[in-house]
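# Notes for the structure review
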Amino acid sequence: MLRDYFYSLQSSLLYHIELFCKSQNWEIKIVFLILSITLFLSFPSYDVFKNENYINIHWKPILIKIDNPFADLTDIYGPGSHASKINLRLTVPIIAKCFHLGIYGIVILQFLFGICLLFATVKLVYKITKDRITSFFASLTIGSIFPGITSFVELRGIFDGIAISLLTFALLFRNPIWIWLCMFLSFWTDERAIIAASLVWLFHIFEHSHSKENKFYFSTLLQTQPMSIVIAWVTYVISRCLVSVYFDLHTPTGGVGLHILLDQVNNAPMGIWTGLEGGWVLVLFAAILLILQRRYIWLLLFVIFSLSVIVLALSVVDITRSMAYILPAFFFALRVLSLTERTEDVRRYTLLACLISVLWPNYYAGGKHSIWWNYPLPIQLVRWLFKT
């Protein structure tokens, strides 16, 4: 009886989603439907802006950088402070300075980038799978995990959502100039994007290869899209060195390293899980498929680049924040699966990932044992009502 009930429920759900996805302007409708679900499941704690101490700790360094993007925060806050680590994260301060944005303007900018990330996800997944229902499930998956919500819920003057959005745009674009620009700006937004860019590079060389065969074509490394990422790496390193020398700006390396990883290994499973949650299903299935097809070079590169992001994430205190940069692995996995698996099967895999992500509470893991819940809207309303 239960089996028949759930089968009927699934059929009805798919039918209504298919009707919705066949409507005019379906991509925009999906984005705003998912945005509504995202904000219901994880609503921002806007009440923090009432706390003057919160503003002084998290936003005052940003305001200093907006006033003078090349100000040395190490002199003001000391080399061991978090503020000193944003010395060379210049994308948002320069944009804010150019457009005269204050704190609320930057929060709105982040929010808009979050919406653009959802739209890019819908476009990219449809481009990969040619299936609107899969696009819906994949986008809802992203909107239910930390990489997709960080632009909305992160209110500490931390701009990972913008960097991750730029990485996703680089996956969607084919024009090498736009890819270079997105990568270059993401590097200047947060250094974590430099490592995550390897997965974007892998995605593009996979696109250029005759991927239904079991060979790795080295000629694809010279295609314009992968090369634009390499050029972005090179131009970033050169420009960062020039800025560092000319303005005497440096980023302290304290709070990063093997000792941090070993100290917080207790929180590693939860931290890794929060990077993709249900999206790990697709990553696992893609890895198994690469093994079965004996595409060992692709598998090796995929594992190495993904592990690089994971190890980096576990080597800093903000585990979930850093794990969010593994998002390109989700799209690479979907690309691998879509090449040989039936559309119906890819749809089922994505539905499974979506259900897990929607049903799992959105947690943020950091340090040795700290875990925070990004509260859904009903919990936020209760908090505000009783002023907790």
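First things first, this report covers the structure right here in the doc.

What counts and what doesn't
Residues numbered from 1 in each chain as written. Predicted model: local features only at pLDDT ≥ 70, side-chain atom pairs only at ≥ 80, totals over all residues. Heavy atoms only, no water. Helix = DSSP H or I, 4+ residues; strand = E, 2+ residues; numbered from the N terminus. Rg over C-alpha atoms; globule rule 2.2 N^0.38 Å. Buried < 20%, exposed > 50% of the residue type's maximum accessible area, 1.4 Å probe, protein only. Contact = heavy atoms within 4.5 Å. Areas by Shrake-Rupley, 256 points an atom, 1.4 Å probe, with all protein chains shown as cover. Lys, Arg positive; Asp, Glu negative; His and termini not counted. Charge placed at Lys NZ, Arg CZ, Asp CG, Glu CD. Core = buried A, V, L, I, M, F, W, Y, C linked by side-chain atoms within 4.5 Å. 1 Å grid on protein atoms, 1.4 Å probe; cavity = no way out; pocket = protein on both sides within 12 Å on 5 of 7 lines; lining within 4 Å. Points joined across faces, edges and corners; volume = space filled by probe spheres on them. Nonpolar A, V, L, I, M, F, W, Y, C, P; charged D, E, K, R; others polar. Polar contact = N/O pair within 3.5 Å; in protein donor to acceptor, adjacent residues only side chain to side chain.

## Examining the overall build of the protein chain
When its secondary structure is counted, the protein chain shows 20 helices and 2 strands. Taking 21 Å as the expected radius of gyration for a compact globule of 388 residues, we find that the protein chain reaches 21 Å, a close match to that expectation. Taking all 388 residues of the protein chain together, the buried fraction comes to 55%. Relative to all contacts within the protein chain whose residues are 6 or more apart in sequence, the contacts with residues 24 or more apart total 77%. Carbon and sulfur atoms make up 69% of the accessible area of the protein chain, which totals about 18000 Å². Computing the positive centroid from 29 side-chain charges and the negative centroid from 22, the protein chain places the two 5 Å apart.

## Overview of the nonpolar core
The biggest cluster of nonpolar side chains holds 120 residues, and the ones touching the most others in it are Trp59, Met183, Phe302 and Ile326. For this core, the element with the most residues is helix H6 (residues 103-129), which contributes 13 residues. Not counting residues within four places of it along the chain, the set of residues in contact with methionine 183 comprises Leu167, Ala170, Ala197, Val200, Ile229 and Ala232.

## Thoughts on the layout of surface pockets
Of the voids in this model, the largest pocket is the one considered here, and its volume is about 750 Å³. Along the wall of the largest pocket there are 35 residues; nearest its centre are His82, Lys85, Arg89, Arg192 and Val256. At the level of elements, helix H3 (52-67), helix H11 (192-208) and helix H17 (319-323) are the ones that each hand at least two residues to the lining of the largest pocket. If you tally residues by element for the lining of the largest pocket, the top one is H3, at 5 residues. For the lining of the largest pocket, a count of residues per class yields 15 nonpolar, 11 polar and 9 charged. Its volume calculated, the second largest pocket comes out at about 550 Å³. Along the walls of the second largest pocket sit 22 residues, with Ser45, Val153, Arg156, Trp372 and Asn374 positioned nearest its centre. Looking at the lining of the second largest pocket, the elements that each hand over two or more residues are helix H8 (146-153), strand S1 (363-366), strand S2 (370-373) and helix H20 (377-386). No other element matches S2, which puts 3 residues into the lining of the second largest pocket. Residue composition of the lining of the second largest pocket, by class: 11 nonpolar, 6 polar and 5 charged.

## Brief notes about empty space enclosed by the protein
Summary: where empty space remains is shown by rolling a probe the size of a single water molecule over the atoms. Counting across every chain of the model gives 1 cavity of 30 Å³ or more. Considering only enclosed or pocket space, the largest cavity measures out at about 110 Å³ in volume. In terms of lining, the largest cavity is formed by 14 residues, of which the most central are Ile86, Arg89, Gly157, Phe159 and Thr189. Secondary-structure elements contributing two or more residues to the lining of the largest cavity are H3, helix H5 (91-98) and helix H10 (176-189). It is H5 that contributes the most residues to the lining of the largest cavity, 3 residues altogether. Per-class residue counts for the lining of the largest cavity are 7 nonpolar, 3 polar and 4 charged.

## What to know about the environment of arginine 192
You can see arginine 192 is positioned in helix H11. Classification of arginine 192 as buried rests on a relative accessible area of 12%. Along the backbone, arginine 192 and alanine 324 are 132 residues apart, and their C-alpha atoms lie at a distance of 9.7 Å. If sequence neighbours within four positions are ignored, arginine 192 has contacts with Arg89, Asp160, Leu312, Val316, Arg321, Ser322 and Tyr325.

## Some points on the side chain of serine 306
Following the sequence through the fold, serine 306 ends up in helix H16 (residues 296-314). Engagement of the side chain of serine 306 in a polar contact is seen with the backbone oxygen of phenylalanine 302, the distance being 2.8 Å. Discounting residues that sit within four places of it in the chain, serine 306 has contacts with Leu199, Ile326 and Ala329.

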